[in-house]
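# Observations on the three-dimensional arrangement
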Amino acid sequence: MIESPDRTPLPRDFFDRPVLDVARDLLGRTLVRSAADGTIELRLTEVEAYAGEVDPGSHAYRGRTARNGVMFGAPGHAYVYFTYGMWHCLNLVCGPEGMASAVLLRAGEIHVGAELARKRRISARNDKELAKGPARLATALDIDRTLDGTDVCAGPDAPLHLLTGVPVPSDQVRNGPRTGVGGDGATHPWRYWINGDPTVSPYRAHAPRRRST
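Note that the structure is predicted; figures quoted are calculated from it, not measured.

All right, on to the side chain of R178 then. Position of R178 among the secondary structure elements: in the loop between β8 (173-176) and β9 (191-194). Discounting residues that sit within four places of it in the chain, R178 has contacts with E48, A49, Y50, D55, G57, G185, H188, W190, R191 and Y203.

Close approach of charged atoms allows side chains with opposite charge to pair. Using the criterion set out here, one finds 14 salt bridges in the structure. Of the charged contacts in the structure, one is a salt bridge between R43 and D197, with a shortest N-O distance of 3.1 Å. In this pair, R43 sits in strand β3 (residues 38-50) while D197 sits in the segment after β9, placing the two residues 154 residues apart along the sequence. The shortest N-O distance in the salt bridge between R145 and D148 comes to 3.3 Å. Under the relative-accessibility criterion, R145 is labelled partly exposed at 34%. With relative accessibility at 21%, the residue D148 sits in the partly exposed group. Bridged by salt links that share partners, the residues E46, E48, R106 and R191 form one connected network.

With that out of the way, let us pick up the nonpolar core. Of all hydrophobic cores here, the largest spans 43 residues; its most connected members are F15, L26, L90, L105, I110 and L162. With 5 residues, the single largest contributor to this core is β3. Residues in contact with L162, not counting those within four places in the same chain, are T8, P9, L10, F15, L26, T30, L31, L44, L92 and V152. Counting 13 residues, the second-largest nonpolar core is a separate cluster that includes V70, F72, C89 and L104.

How each quantity is defined
- Residues numbered from 1 in each chain as written.
- Predicted model: local features only at pLDDT ≥ 70, side-chain atom pairs only at ≥ 80, totals over all residues.
- Heavy atoms only, no water.
- Helix = DSSP H or I, 4+ residues; strand = E, 2+ residues; numbered from the N terminus.
- Contact = heavy atoms within 4.5 Å.
- Salt bridge = Lys/Arg side-chain N within 4 Å of Asp/Glu carboxyl O.
- Buried < 20%, exposed > 50% of the residue type's maximum accessible area, 1.4 Å probe, protein only.
- Core = buried A, V, L, I, M, F, W, Y, C linked by side-chain atoms within 4.5 Å.

See the structure below:
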């Protein structure tokens, strides 16, 4: 028997905890994205933790900037950034205000609104690929910088909010190095995923960019 997802909203104190605890506990939760053209609900299957000013892999490692300012704010808000001049990525801020940390949402299974997601992700070969990777997830959910700073604990009328869903048992969780992170942060095993889930993205080690000659 498949357990029905719990539709109780996640409270702010869920996010007001150490980033590694929040990251692992986000697996199995339901992310709801409401927009003018419809609603998508997604079960989170893969995430990565970034620990701010103590983490060389984090955008906040060198301190506060205009880009990362939301990370230093109150927990339970969305941090959205634009990368490689092409893609947006969605993160959830956690920990106490002033101590920057966030969890990158890397992948999920869309169980409500797949038809809408297909229109946004026309290159997806099947539904398992709709949100398989952080850029794909953001594209499927129509995430951009206008959602940076969104309070995901503001209730069902917010454009983004999270529900309790179905928490994942410990024996189904795996963790390892974060995808594409180099330098001193490369070995941190802060990527968490649901073992065997087909929506989880493949791991890729950091590849330094080639400089043109």
